[in-house]
Amino acid sequence: MSARATLTPQMLQYAEKFDDRGDVRWMPYLMYFHAADHRSEVVNTDRLGFRLSHGPDGQTASVGGPLPEGPVRLFAGSSTSFGIGASADRHTLPSRLWSKHAPSVPWLNFAGRSHNSTQELLLFTLYRHLLPQVDEIVLFSGFNDLGLSRLPSSIRGDSGAFFNCNDFYGQMEELRARSRKASAGRGLFGGRRQQAPEPVDTRVPDLAEQIDIGSELTLRHLDSWRLLAEGMGAKLTFVLQPLATWVREEPAPQEKLIFEELDSISNFGAVYGDISSMDARETYSKALQAGCEQMGVRYLDSNPVIADAIGKDDWLFVDRIHFTDEGHDLVAGLLADKLGLN
């Protein structure tokens, strides 16, 4: 059995429904979201696909399920906020905040796996009407926009690239090709001929461009979050999520085994290039912090905070972006402390 299957058996269940090898639930506007009404010992979703969060005394809540009375707090973002890696719903970041580290107000899991900042914002605008009063929003995000900024401009468009976009654009081009074929020869009597597609830009941006692209998109959409939060009377905080290589140079022993196994399938460095370096994180974080300060949004880079709180052998990551149960609990406690949550 592989090291990953031995050390993190819960990841096999995520693979069935909640990663790119699983069942992708294609959605209008969002492109994709989680399986709805999914049930397992690892992950459970409500009628809309939001993950359940757990509070004290066995309480549970979700956006599309039973909601607690009174105000709530939202924990938004992509797959790390959703809780990929947790062995059960009760170990995700919003669950650890609600059940232990900041239990005074319930926390709802408002995250979408593999979402970029555009999709995070769309998810909120599409389902905000279901929410009771919202006191606080923590947007725990930032990696996906930077990771996807490596794609060519023809793929990124105006609102950024999204995961699985090659599948989408490939299918769209097949439809256009069939349409061109069906209309061939109609130019004289059947209307105007369709033009063949123009060549696309395939140049990969350099690291400085990637950081500019990722920070601009993140801050652009964060400003819309700010306006919505102000209108709701909610406090908004942006937290730059951690990456294993942004936290420390040398992984814990278990992480090393898992990372090496994952790299034999798809090499992280080859896919994401230089953005995984400490220097890239520092430059990116400074750009995000400056933008947050300008718009008046509280900002926290979680990477140095986590680095200061762990030892060299502390096992935090099931892959380079998602946490173990112990990692979720540690980070939830650090967030509560640094953000003054209770």
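This text follows the structure it describes.
Treat the numbers as computed from the prediction; the structure is a model and nothing was measured.

Draft legend 1. Structural context of the packing of aromatic side chains. Counted by the stated rule, this structure contains 17 aromatic pairs. The interplanar angle of 70° and the centroid separation of 5.1 Å between the aromatic rings of phenylalanine 33 and phenylalanine 50 together place this pair among those described as edge-to-face. With a gap of 17 residues between them, phenylalanine 33 in strand β2 (residues 31-33) and phenylalanine 50 in the loop between β2 and β3 (53-54) connect regions that are remote in the sequence. For the residue pair phenylalanine 33 and phenylalanine 50, the accessibility class agrees, reading buried in each case. An angle of 50° between the planes, with centres 5.0 Å apart, marks the rings of phenylalanine 50 and phenylalanine 110 as tilted. Of this pair, phenylalanine 50 sits in the loop between β2 and β3 while phenylalanine 110 sits in strand β6 (residues 107-111); the two residues are 60 residues apart in sequence, bridging distant segments of the chain. Residue phenylalanine 50 is classed as buried on the basis of its relative accessible area, which comes to 0%. The exposure class of phenylalanine 110 is buried, given its relative accessible area of 2%. Three or more aromatic residues joined by ring pairs make a cluster, and in this case those are Phe33, Phe50, Phe110, Phe124, Tyr127 and Trp225. Seen from the ring of phenylalanine 82, arginine 51 lies directly overhead, with NZ or CZ sitting 5.2 Å from the centre.

Draft legend 2. The packing of helix α5 (residues 117-127) against helix α9 (residues 207-232), seen in detail. Between α5 and α9, whose axes approach to 9 Å, the crossing angle comes to 20°. Between α5 and α9, the interaxial angle falls into the category roughly parallel. Considering the relative orientation of α5 and α9, their crossing is left-handed. Listed contacts from α9 to Ser117, Thr118, Glu120, Leu121, Phe124 and Thr125 of α5 are Leu217, Thr218, His221, Ser224, Trp225, Leu228 and Met232. Residues that form the contact of α5 with α9 fall into these classes: six nonpolar, six polar and one charged.

Draft legend 3. Focus on the environment of asparagine 267. Inspection of the secondary structure assignment puts asparagine 267 in the loop between α11 (253-265) and α12 (268-272). Residue class for asparagine 267 comes out partly exposed when judged on its relative accessible area of 37%. One polar contact links the side chain of asparagine 267 to the main-chain amide nitrogen of glycine 269, over a distance of 3.0 Å.

Draft legend 4. Molecular detail of the side chain of serine 62. Within the fold, serine 62 resides in the loop between β4 (60-61) and β5 (72-77). Setting aside residues no more than four positions away along its own chain, serine 62 makes contact with Asp46, Phe50, Arg51, Leu52, Leu67 and Leu108.

Draft legend 5. Inspection of the side chain of arginine 73 at higher detail. Inspection of the secondary structure puts arginine 73 in strand β5. Using a relative accessible area of 7% as the deciding quantity, one classes arginine 73 as buried. Among the polar contacts made by the side chain of arginine 73, one reaches the main-chain carbonyl oxygen of asparagine 342 at a distance of 3.0 Å. Setting aside anything within four residues of it in sequence, one finds arginine 73 in contact with Ala102, Ser104, Val105, Pro106, Trp107, Leu108, Glu136, Leu341 and Asn342.

Draft legend 6. Here's a closer look at the layout of surface pockets. In this structure, the second largest pocket spans a volume of roughly 150 Å³. Every element with two or more residues in the lining of the second largest pocket is listed here: α5, α7 (153-156) and α8 (165-182). Looking at the lining of the second largest pocket element by element, the count peaks at three residues for α5. The residue inventory of the lining of the second largest pocket, partitioned by class, reads eight nonpolar, five polar and one charged.

Rules behind the numbers
Residues numbered from 1 in each chain as written. Predicted model: local features only at pLDDT ≥ 70, side-chain atom pairs only at ≥ 80, totals over all residues. Heavy atoms only, no water. Phe/Tyr/Trp six-rings, centres within 6.5 Å; stacked < 30°, edge-to-face > 60°. Helix = DSSP H or I, 4+ residues; strand = E, 2+ residues; numbered from the N terminus. Buried < 20%, exposed > 50% of the residue type's maximum accessible area, 1.4 Å probe, protein only. Lys NZ or Arg CZ within 6 Å of the ring centre and 35° of its normal. Axes fitted to C-alpha atoms, helices over the stretch in contact; angles between N-to-C directions. Parallel < 35°, antiparallel > 145°, perpendicular 65-115°, else oblique. Left-handed = near helix turned anticlockwise from the far one by under 90°. Contact = heavy atoms within 4.5 Å. Nonpolar A, V, L, I, M, F, W, Y, C, P; charged D, E, K, R; others polar. Polar contact = N/O pair within 3.5 Å; in protein donor to acceptor, adjacent residues only side chain to side chain. 1 Å grid on protein atoms, 1.4 Å probe; cavity = no way out; pocket = protein on both sides within 12 Å on 5 of 7 lines; lining within 4 Å. Points joined across faces, edges and corners; volume = space filled by probe spheres on them.

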